[in-house]
Each structure stands twice: as structure tokens, then as C-alpha cells.
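Next come the chains, spelled out residue by residue.
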Amino acid sequence: MPLSAEILHRFEAVVGARGVISAPDELRTYECDGLTAYRAAPGAVVLPTTSAEVQAVVRICHAARIPFVARGSGTGLSGGAMPAANGVVISLARMNRILEVDFPNARIVVEPGVINLEVTGRVAAANYFYAPDPSSQSVCSIGGNVAENSGGAHCLKYGFTTTHVLALEVVLPDGSLVHLGKKTLDAPGYDLPGIFVGSEGTLGIATKITLRIVKRPECVQTLLAAFPSTTEAGAAVSAIIGAGMLPAAIEMMDRLAIHAAEAAVHPNYPECGGLLLVELDGPEAEVRALMEQVNQICRAHGAWEIRLAQTETERMLVWKGRKAAFASVGRISPNYIVQDGVIPRTRLPQVLHRIEEMSAESGIRVANVFHAGDGNLHPMVLYDHRVAGQEKAAIALSEKILELCIEEGGSITGEHGVGEEKKHMMPKMYAEPDLDTMQRLRCAFDPHLLSNPAKIFPRTRLCGDKPGEYTPHPLEVAGVAERF
Amino acid sequence: MPGIEIESLRELRVAEPESEQEVSEALRCADGEGVAVIPRGGGTKLDWGNPPRRAGLLLSTARLNRIVEHAWADLTVTVEAGCRFAELQRALAAHGQRLALDPLWPEQATIGGVLSTNDSGAWRLAYGGLRDLIIGMTLVLADGTIARSGGKVVKNVAGYDLPKLATGALGTLGVITQATFRLHPLARNTRTLTLAPADTAAAQALLLRIQDTNLAHTALQWRAEAGRPPMLDVLFEGTDAGIAAQTARLAEVAGRVSVAELGEAVWRARQEIADRGSLVKCSVLPAEIADAMGAIGRTGDGNWRAVFQANGIGWISVDGPLEPLRSRIEARGGSLCVLRRPRGHSPIEAWGGAGDALPLMRAIKQRFDPKSTLNPGRFVGGI
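Source: prediction; values computed, not measured.

### Quick look at the sheet that holds strand 1 (residues 14-15) of chain B
Residue and element names in this part refer to chain B.
- As summarised here, the arrangement of the three strands in space is 1-3-2, forming an open sheet in which the pairing is parallel. Looking at strand neighbours, the two that pair on one side only are strand 1 and strand 2 (37-40), the edges of this open sheet.
- Pairing geometry for strand 2 and strand 3 (residues 57-60), over four bridges, is parallel. Looking across to strand 3, one finds that Val37 is bridged to Leu57.

So, in C-alpha cells, the structure goes:
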């Protein structure tokens, strides 16, 4: 049922007429996020500018039991920001101020619409940076990063978004405002920032976020090594980790992904079957000593070309091809699906081999880029939707790849989220009681299931009435049954 | 604070289940009968938090003590909750690895207990706390539900991050039976350096100055004791070349403050404080440690000892009324938890204010343990 004129008026009373979008043609932008295969038309988009406005909008939704979804920059890849049909999209794009920078304590407080790269931009002059660096960091928002617990190439060493979020101001699905965590560590009580980060918009809307910032390392070096195939490159990764090193990043690309990157941004990568990027950072003497070992390990595992990028310009060129990997696949295929499976790192050769076989069986090409250090695969399944049956075959293949990840003891998503896209895969990874327990948590936050209600879980558990408060047994009160 | 004292807890009936299934049955049974359950690992921190309102059964994880899988090439380990911390570390060391955490009483403390109390030490500065190391968990809820969450890969965002919710929950949401952690390699070499700034103000300034460099120290702690000058200890790990270069750089940063090598024993400071009578954990902003030190000095009989990590988490042994200290620290955005109450002083609530999120915490408890079977009353806000 479309939203009533009365509801739209109420939204306008909160955010003004210019803060509400309800014309059907203008709503189309908000039908999907970066996962364009899944769409639903919202009833309205509301653009609040303050926490109080977010509260007021959510209260209107709560009173009328209208589902809503928070939206940042809309770059998500799992349909997390896709609205419910005729539901409300609450865009945080206008809440984009950096509120406080605290260098002595290495903290920064931002609104959710602030762009990831702007955080680093704000603190770079003092030699600090914000560590989580998803490939979309020049456009994606911190609010979206919080919802998805975004990672990036450097999370192997620096951790994910959850590592860097200390406190959150959150509007709960009933419109109340709460503060989770503190600017200081280990706030008394349950680790609520720990569960809110990565909850994909299902527990409420973050309106203020306190982040850690990190001091820039003294020295950063990136080594690029060309191997005959991903098998040798994978073995080199295991040897580097086995030698007791924790690189800032280890990235791998296969032949098809290298071709795509060359076609799109000309990073001048060597023509090879498996390309490895290894980045070390830290004190200069430490980095030099360890990079020498990385170099030897790569050669010992068959690398026939090795380049060491030491200046910022050289490093940027090396990273350019990798960061553009998803977008550049568009140069070699009209359509593609990016997957986000994770496997224990040591299973890499077997899994790649299976993906190759499955690709050959189905006739669908797969280009591979990985965060190789932590086993996070990003297979890009290439297809042409104009060819009858290809889209279906591509979706089937990408799901088979995820099933393979589960079989190998991994996960269906390392950083993109479950969202709409993979919720039907959740029962393959978790048993019913596991999912049921997660939904208990959701019911504590959102008993009416209004905040991005249809995501993550294949079946929504009704929260029902709250179980009654525990009343002690009369014998217990009397002290008779205390010990038995 | 009314409640059941530790001495009477020790007299309780004890259940020692041998499997996850038995934990589930014991809990379902107790929950059905309205018997309150106190989970117990190594028993080193059984007196932390508020005394429980009710207690009918001690549920010991002593027999759930296996190391299930050390996937050393993947740098992960899956271990049962009753495994002693030091025992796990010894097994991991055989492959040159460690769980990068330095908890209290490692020989007695178990994985489940360390997780439930969120107990981390000086290494946290470099490697993060338990929330950054845990990647998977099995939790048995009060009604017997066996719930797995997370997994055994380092990177995983499928579903809610329940391992973080149960970490530091003091067993009030469920009994942890198994956990999976990411591991780190053992340090190649280490060196501990101790700096002796003239006074509290100088110590604060030097600590912030070190934090503002790009030194890659593993730990930085500030030791203080009644009537003695402060000490800052720095731990470096890495290659010989890296450590030598960082040592030289540290001396530059220290300026006129002397740098000495007193050895690794300085890292026992937190354990020594915990081995005294009372134990307080507080958390302040890194730039506010000097203020907290001053307030600690004004507390009690003047016989106090404290150690703060550069991340602002401090461990204090002090006898005296703690309310003024808590008020001061909370007013400046920090928190103060009384883990073990000083004897002979009026009881104080253990956790302090949980702020406006307390109703949400109660709602979570209600969904996970509606009858308040697990550790009733020991946690924040009477949870």
C-alpha cells in the first residue's frame, strides 16, 4: 500500500518539503544499492539533517508500523539498502559533518553521511589515518561502513570497521535515542557497539559515530610479484604468514582480473597467471628486513618478476589496478556478479581449482581477486544478460562458489554483508537454533521488525510478547529452596 | 550490597558436564526448576562483579578442556571453554604461535572465564582485546539452546556478531562452551625499556608524545605507587634491526628522561596488583590518566598501587571509599568497575553507570535469559 498523503505531510513537517522525495521518477534512484539485480520501489525518501529529525521520522514510521531502511551512499553490494516496497528510505546523506577531532586521544566523531576517505583527509596533516579502506572509500559513507562492518585491503593488520568504532549514538526502531559504548574503552555492560556494527541496518540508525584514528607508519613498501599461476602465488602467501609476518595487506589477482585491470586503468602489471601484492608497513628498519624475506620467499615460490614500490607514486600505481578491479571487469564483460566468500587461507589452491572446474562446466567465466592474507575471495562471475539463460547460470555458479566456501569451513560473506542477496544461504551456514538466537537479539532492539526488516534472515521470527519478568518461587523467597 | 558472598558459593552443589549436550541439559533443567546457575571456569574471578542475588548450582567447565583444532597454517585455534589459558599458550607455542593476550592468573584461568570477564592486559595496545581476537563461539543459553555464531575464518560478517556480545557479559547471557580465535606469531625478539619521568605531569606528557610517534611498540604502561615516582614501560617486538632502530628513536623521544632496562618483570605489575586485596578496573581517555592518578592518590589510606595502559585502561589496588573516585572518573567520560571490593568499607555497586543503553541491555537479557537463571544480579544494573 503506498504511503498516505498524511504520512508524507508529517515527514515534511519534520524535514521540510525539500527533505522529502515522493515523486515516482525521483524515487527510482533509491530502488536498489550497488546490487542492481534486486529492486523495490520505496514510498518515500526522507533526508533528515539532525539526530532529532531522524528520531522524529522514525517515530512516525514506528507509530504507523511502516518499515524503513537507512541509506548512506548506496554503494553496498548485497542489497542492504534496498527498501521494502512502499517503505521509507531514510537517507543520511545530509548528515555529513565531522563533529570533533581529538588528536591526543586519537579519536574522531563524525555523522553517518561523512565519506570514508574524508575522515583520513581531515586528519592526514597530523599524520593520522582512518584504517578501514573498502575499495569504494572515495564514495561510501561511514554510516554504511558501520552497517556492513566494512573491511578493505588493510584489515588483515588493522582490523575491520568494528575494531575502529568506539561509540555510537543510535536512534532505535521506536525512535528513542541511545548511546552505545563510550569514548573510553570497555564501557560497563554488554558490548553493544560490537553487535550494532555489522547489523546491516536491522537494529536502528547510527546518527553519530566515534572512531579511532591511527598514526601513519614510518615506512610503507609494496611488493608486486608475478607468478606462473595462482597456485604458486597462494603457496607464497602461506610461506609469508608461516614465517611469522603480519603484512598490512596481501592481495592476489588471476589472469582474467589482470587483463580487466590493464584494459581499464593500465597499471602496467606483468602478464602472468597469478599476481601478488604484499604491503608491509612499520618502522623503516623493520620493513626493510622483512621485505627482504618476502622477496626471497616469492622467488623461492617461482615469482619471475618482482617490483618493489617504495615511493607514494609507485605505490599508488601498483594499487590502482587492484582498487579498480571490480569496476574494470565491465571492460571485459557486459554484466558481472561480485561474490565475497571466505575460506581458511590454506584451502586457497583447492578452492581456486574447483572454481576453475565449475567455470569450465558451466561455460561462465570467473575473474578472481582476493584479499589473500585473510582468505576473502572476490570471484567476479561474468555474463551477458542479453544471452538467454546466462544470468541464471551466473547466479547458479556464484551460489555454488559460496556453497564451496561453506564446505571448506568458511563464510558466505567477508565484508559485503548478507543483505537481501544471500539471506537464503544463511541456513546453509548456520543451524536453526543459531539463527533463532540471533533473532532474539534483533527482537530486543526492534520488536515490531521495522528497521530493514526483511534482510539477513531467510525467515523473520516474530518477536511476540515479551516473556514475563521472572518472579521468584515462594519457597525461594522464604530461603527454603535456595540450595538443593 | 546484599547478595551471596563468595564463601557460600564455594559450598554450592557443582555440576561438571563433559559435553556441550550435558551443559545444555543441565541448564535446561535448572532453568525449568528456577535454580540460579553460577558458571565457573578456573574460579579465579568468581568474586568479580556484584554478589549474585540467588545461587543454586555451580556449573563448572573443568571437563570441557580440549583443544579442538589448532589450524596453525591458518593462524586459528578452536578450544573448549574449560581449557586453562597457559595450557593453550603452550600448545600454540609448539608451532611458534600465540593467542596475543596476557590475562591474569593464566595458569588457572580458563578460556571461558577470560572471555566472560573480558580480561586483557598490556598487549592489548598492539593486538586488540578479546573482541578483536575472537572469531567464533558456541554459547549455551539458559533454556538449553546451543547457539553457534561467527566461524573459524578471520573475516566473516554473516549474521550478528554474537561472540562480541558474550565477551565481557560475565556469563549472564549464556555459558560459553567453545571459542575460536585468530592467532599471532610469537615475537621474534623482544626488548623492554623503562623510562623514569620526574612526576605525574611529565609522565602524562611523555606517554602522549610516545603515542603520537610512529613507533610500533607492543605495549606501553604507566606504573605508579604511593610515594614513588612514576615509571613508563615500553615493549618492542620484532627483528633485531627493527628493535635497535626503535630503541634509538625512543631515546630521542624521551629527551632528558632516563631510559633503562629493568627486564620483563615490569609486565607483572598488573598481576601483582590483582594479587592484593581489592581490585578496581577503570577506563579513562589516554590524556586523562594523570588526572585519574591524582584522584587515586586522594583515595583511601594512601597505600595504593596502579598500572595504566596507554589506551587508558587502568588497574588499581586501593582501600577506601571509592564513590568519589568513581564520580570524578565518570564525570570525565570514563568508567570505574569494582572487581573485588575492599574489605571493611561500605559496599559499592560494582559496575557504575551504564547510561541510557541500560534498558536495551535489560531487553537483551530478557530475550536470552528471561528467568534470570544465569548469574542473577552480578552484572550491570542488576542484570
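### Quick word on the packing of helix 11 (residues 284-300) of chain A against helix 9 (residues 240-254) of chain B
- Helix 9 of chain B packs onto helix 11 of chain A with a crossing angle of 170 degrees between their chain directions and a minimal axis gap of 7 Å. Considered as vectors, helix 11 of chain A and helix 9 of chain B are oriented roughly antiparallel to each other. Here helix 11 of chain A contributes Ala285, Glu286 and Ala289 of chain A to the contact with helix 9 of chain B, which in turn contributes Ala241, Gly242 and Ala245 of chain B.
- Considering only residue class, the contact of helix 11 of chain A with helix 9 of chain B consists of four nonpolar, one polar and one charged.

### Considerations on the domain arrangement of chain B
Residues and elements named next belong to chain B.
- With domains assigned, chain B is organised as domain 1 (67-185) and domain 2 (187-352).
- On a C-alpha basis, the centres of domain 1 and domain 2 stand 26 Å from each other.
- Taken together, the seven residues of domain 1 in the interface contact 12 residues of domain 2.
- Classifying every residue of the side of domain 1 that touches domain 2 by side-chain character gives five nonpolar, one polar and one charged.

### Section: unusual backbone geometry
All names here are of chain A.
- Phi is positive for Ala106, close to 55 degrees, though the residue is something other than glycine.
- By the element assignment, Ala106 lies in the loop between strand 5 (98-102) and strand 6 (107-110).
- Of note in the backbone geometry, Asn452 takes a positive phi value of approximately 45 degrees without being a glycine.
- Considering the arrangement of structural elements, one finds Asn452 in the loop between helix 17 (432-445) and helix 18 (474-477).
- Residue Asn452 is classed as buried on the basis of its C-beta count, with 30 C-beta atoms lying within 10 Å.

### Thoughts on the interface of chain A and chain B
- Residue-level contacts link 79 residues of chain A with 79 residues of chain B.
- Counting residues per element, the ones that place at least two in the side of chain A that touches chain B are helix 7 (161-164), strand 9 (177-181), helix 8 (192-196), helix 9 (230-242), helix 11, helix 16 (426-429) and helix 17 of chain A.

### Let's talk about the packing of helix 8 (residues 200-211) of chain B against helix 11 (residues 289-297) of chain B
All names here are of chain B.
- Running from N to C, helix 8 and helix 11 cross one another at 150 degrees; their axes reach a closest spacing of 9 Å. Viewed along their axes, helix 8 and helix 11 adopt a mutual orientation that is roughly antiparallel. When you trace helix 8 past helix 11, the crossing you get is right-handed. Contact residues: Thr200, Ala201, Ala203, Gln204 and Leu207 in helix 8; Ile289, Ala290, Met293 and Gly294 in helix 11.
- Classifying every residue of the contact of helix 8 with helix 11 by side-chain character gives six nonpolar, three polar and no charged.

Conventions adopted
Residues numbered from 1 in each chain as written. Chains lettered and ligands numbered in written order. Predicted model: local features only at pLDDT ≥ 70, side-chain atom pairs only at ≥ 80, totals over all residues. Pairing = 2+ DSSP bridges. Helix = DSSP H or I, 4+ residues; strand = E, 2+ residues; numbered from the N terminus. Axes fitted to C-alpha atoms, helices over the stretch in contact; angles between N-to-C directions. Parallel < 35°, antiparallel > 145°, perpendicular 65-115°, else oblique. Contact = placed C-beta atoms within 7 Å. Nonpolar A, V, L, I, M, F, W, Y, C, P; charged D, E, K, R; others polar. Domains from an automatic or database assignment. Buried ≥ 20, exposed ≤ 12 C-beta atoms within 10 Å, placed from the backbone. Left-handed = near helix turned anticlockwise from the far one by under 90°.

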